[in-house]
Amino acid sequence: MAHHDTMTHACTTRHAVILAAGESKRTRPLTLLRPKPLIPLLGRPLLTHILDELVGLVDRVTLVVGYRADQIEATFGADYQGIALRYVRQEVVNGTAGALLAAQPVDEPFFLLYGDNLVAQADLLGVCQSRYGVAGLRVADARSFGVLQIVDGKVYGMLEKPADPPPDALANPGIYQFDQVVFPLVETITPSPRGELELTDLIALLAARHPVRPHICTGFWVPVGNPWEALSSAQFLVMRQAHLRASIDPSATLHPEAQLEGAVHIGKAVIEAGARLIGPVAIGDGCIIKAGATVQASALASGVVVGEGATIQASWLDEHVVIGDKATLTATIFEEVQPTVETRGLLTVTQLKTRGAILASGVTVPPGAQIAPGTILAQARSA
């Protein structure tokens, strides 16, 4: 075969470490009552969508947990789709490399991932092509990323948020393949100015001793760093599965005069007469979309009620939100937003910049109320 240089080697790595310990204040109010890995996306936790890409690839996953760890353990238990799950607690929150230390003992090659980025199996296989691999993502603007420093096809370090990155800069999306040699190296890292042990510093230490190879990502990369990115993630997942299967629960109740346009995901929900769903839309279990309401480009968690004639655009409605009759949550394009996401064309830049409102669990919007684009409403604390 002439093309042997482009062939991929079989990946023998059977272990993944997923860092999922943080309290994630940036994703509030979605994480006020739950840890980030349990943010619901299309009726299933965020972490489920990450684990799905590992099914058939690894046998074991070590989850480094911290904030509300008991909820994660109770949700996932001892295995997922044939993958054995092990939980370790990061007792001291001392950075990403510190979280990696908590995963010990590991005495074999492993993938290292973050518990808040949706990544593609293709790119796990990519970093698996050499003993030490780091993914690099082509982005329009690398200034908000760590950038891979590459010489002669080898990674020798990371440049954090460069002010003037080269046009062909590869951003660091956080997909690695390591093995047990990294643990003693982490012990030698000097804490960063914010007092944390940074994973990016590990790369330079590793590269000084072993070849670290870059893999240029071919798959999607969808981070969930704030509530708006959670909305984008839901939209992305709806689009991604639109061509795979009809994603309307058989026990959903759809009135014959309800209108569905574009890609929709509907759980065990009730969609009344004249309601319009304009995709990408995700409707969770137990939702009721009342007569004449319009839901567009939005994600509704379980138990949401949208009143008659209400309008919901590009919004995130968390569990048990109630929208009064004729209330409006309108969206607008925020031109200043710079999306850092790779959906491989499933979402446009305009879609990623379009924002309505984020409503935390249990929020009630009174009838006829108008909620301005960009609004984030958290539940009022009861005395």
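Scroll up to find the structure this text is about.
Residues numbered from 1 in each chain as written. Predicted model: local features only at pLDDT ≥ 70, side-chain atom pairs only at ≥ 80, totals over all residues. Heavy atoms only, no water.

K.L.:
Where do I start with the overall build of the chain in this structure?
P.N.:
The secondary structure content of the chain amounts to eight helices and 35 strands. Over its C-alpha trace the chain gives a radius of gyration of 22 Å, about what one expects of a compact globule, namely 21 Å for 383 residues. For the chain, the C-alpha atoms occupy an extent of roughly 65 × 55 × 45 Å along the three principal directions. A buried classification covers 52% of the 383 residues belonging to the chain. Sequence separation of at least 24 residues holds for 58% of the intrachain contacts in the chain that already meet a minimum separation of 6. With the model as given, the accessible surface of the chain reaches about 16,800 Å², and the carbon-plus-sulfur share is 53%. Side-chain charges in the chain split into 29 positive and 36 negative, and the spacing between the mean points of these groups amounts to 1 Å. (Helix = DSSP H or I, 4+ residues; strand = E, 2+ residues; numbered from the N terminus. Rg over C-alpha atoms; globule rule 2.2 N^0.38 Å. Buried < 20%, exposed > 50% of the residue type's maximum accessible area, 1.4 Å probe, protein only. Contact = heavy atoms within 4.5 Å. Areas by Shrake-Rupley, 256 points an atom, 1.4 Å probe, with all protein chains shown as cover. Lys, Arg positive; Asp, Glu negative; His and termini not counted. Charge placed at Lys NZ, Arg CZ, Asp CG, Glu CD.)

K.L.:
Before we go on, may I ask you to explain the pairing of strand E4 (residues 60-65) in this structure?
P.N.:
Regular strands show a simple pattern: their side chains alternate between the two faces of the sheet. Within E4, five of the six residues are buried, leaving the element largely enclosed by the surrounding structure. Where strand E1 (residues 15-20) meets E4, six bridges bridge the pair, whose relative direction is parallel. By the bridge assignment, Ile18 is partnered in E4 with Leu63. Relative to strand E6 (residues 83-89), E4 runs parallel, the two being bridged by six bridges. Paired with Thr62 across the two strands is Arg86, which belongs to E6. (Pairing = 2+ DSSP bridges.)

K.L.:
Is there a simple way to explain the sheet that holds strand E24 (residues 299-300) in this structure?
P.N.:
Sheet strands pair by backbone hydrogen bonding; their relative direction is either parallel or antiparallel. Spatially, the six strands line up as an open sheet ordered E18-E21-E24-E27-E32-E35, and their pairing is parallel. Lying at the two open borders of the sheet, with one neighbouring strand each, are strand E18 (264-266) and strand E35 (375-377). Where strand E27 (residues 316-317) lies against strand E32 (residues 357-359), two bridges are found, and the strand directions are parallel. From the neighbouring strand, Trp316 faces E32, where its bridge partner is Ile358.

K.L.:
Just checking my understanding: could you explain the state of the cysteines for this structure?
P.N.:
Note on terminology: disulfide describes a covalent bond linking the sulfur atoms of two cysteines. Counting across every chain of the model gives one disulfide. Shown here is the disulfide that connects Cys11 with Cys128, its sulfur atoms set 2.0 Å apart. An S-S torsion of about 85° defines the bridge between Cys11 and Cys128 as right-handed. With Cys11 in the segment before E1 and Cys128 in the loop between helix H4 (121-127) and strand E9 (133-138), this pair connects stretches of sequence that are 117 residues apart. Overall, the relative accessible area of 10% leaves Cys11 in the buried class. Its sulfur unpaired, Cys217 is 14 Å from the next cysteine sulfur, which belongs to Cys128. Residue class for Cys217 comes out buried when judged on its relative accessible area of 8%. (Disulfide = S-S within 2.5 Å.)

K.L.:
Help me understand the sheet that holds strand E23 (residues 294-296) in this model?
P.N.:
Pairing is parallel across the open sheet formed by six strands, whose spatial order is E17-E20-E23-E26-E29-E34. Unpaired on one side and paired on the other, strand E17 (259-261) and strand E34 (370-371) mark the two borders of the sheet.

K.L.:
Honestly, helix H7 (residues 227-242) in this entry has me stumped. Any pointers?
P.N.:
Because each turn of an α-helix spans 3.6 residues, side chains separated by three or four positions end up pointing in the same direction. For H7, with 16 residues, the first-to-last C-alpha span of 23 Å sits near the 22 Å given by 1.5 Å per residue. Of all 16 residues making up H7, 13 are buried, and the element is well covered by its neighbours. One side-chain oxygen at the N-terminal end of H7 lies 2.9 Å from the backbone nitrogen of Trp228; it belongs to Asn226. (Expected span 1.5 Å × (residues − 1). Polar contact = N/O pair within 3.5 Å; in protein donor to acceptor, adjacent residues only side chain to side chain.)

K.L.:
Would you explain the environment of Leu329 in this entry?
P.N.:
For Leu329, the position within the fold is in strand E29 (residues 328-329). For the pair Leu329 and Ser315, spaced 14 residues apart in sequence, the C-alpha separation works out to 7.3 Å. Sequence-distant contacts of Leu329, that is, excluding residues within four places in its chain, are made with Thr311, Ile312, Gln313, Ser315, Leu317, Ile323, Ala357, Leu359 and Ile371.

K.L.:
So what exactly am I meant to see when it comes to the side chain of Thr62 here?
P.N.:
Take Thr62: it is sitting in strand E4. Residue class for Thr62 comes out buried when judged on its relative accessible area of 1%. Of the polar contacts made by the side chain of Thr62, one reaches the side chain of Arg86; its length is 3.0 Å. Residues within four places of Thr62 in sequence aside, it is in contact with His15, Ala16, Val17, Ile18, Arg86, Val88 and Ala103.

K.L.:
Hey, could you run me through the packing of aromatic side chains in this one?
P.N.:
Two aromatic rings, taken as a pair, are described by how far apart their centres are and by the angle between their planes. Overall, the coordinates contain six aromatic pairs when judged by the stated rule. Judged by centre distance (5.9 Å) and plane angle (25°), the rings of Phe110 and Phe183 are stacked. A residue pair is termed long-range when its members are at least 10 positions apart, and Phe110 in strand E7 (residues 110-114) and Phe183 in helix H5 (residues 182-186) qualify at 73 residues. For the pair formed by Phe110 and Phe183, the shared burial category is buried. Aromatic pair Phe145 and Trp221: ring centres 5.6 Å apart, planes at 55°, arrangement tilted. Of this pair, Phe145 sits in the loop between E9 and strand E10 (146-151) while Trp221 sits in strand E15 (residues 221-223); the two residues are 76 residues apart in sequence, bridging distant segments of the chain. Residue Phe145 shares its accessibility class with Trp221, and that shared class is buried. (Phe/Tyr/Trp six-rings, centres within 6.5 Å; stacked < 30°, edge-to-face > 60°.)

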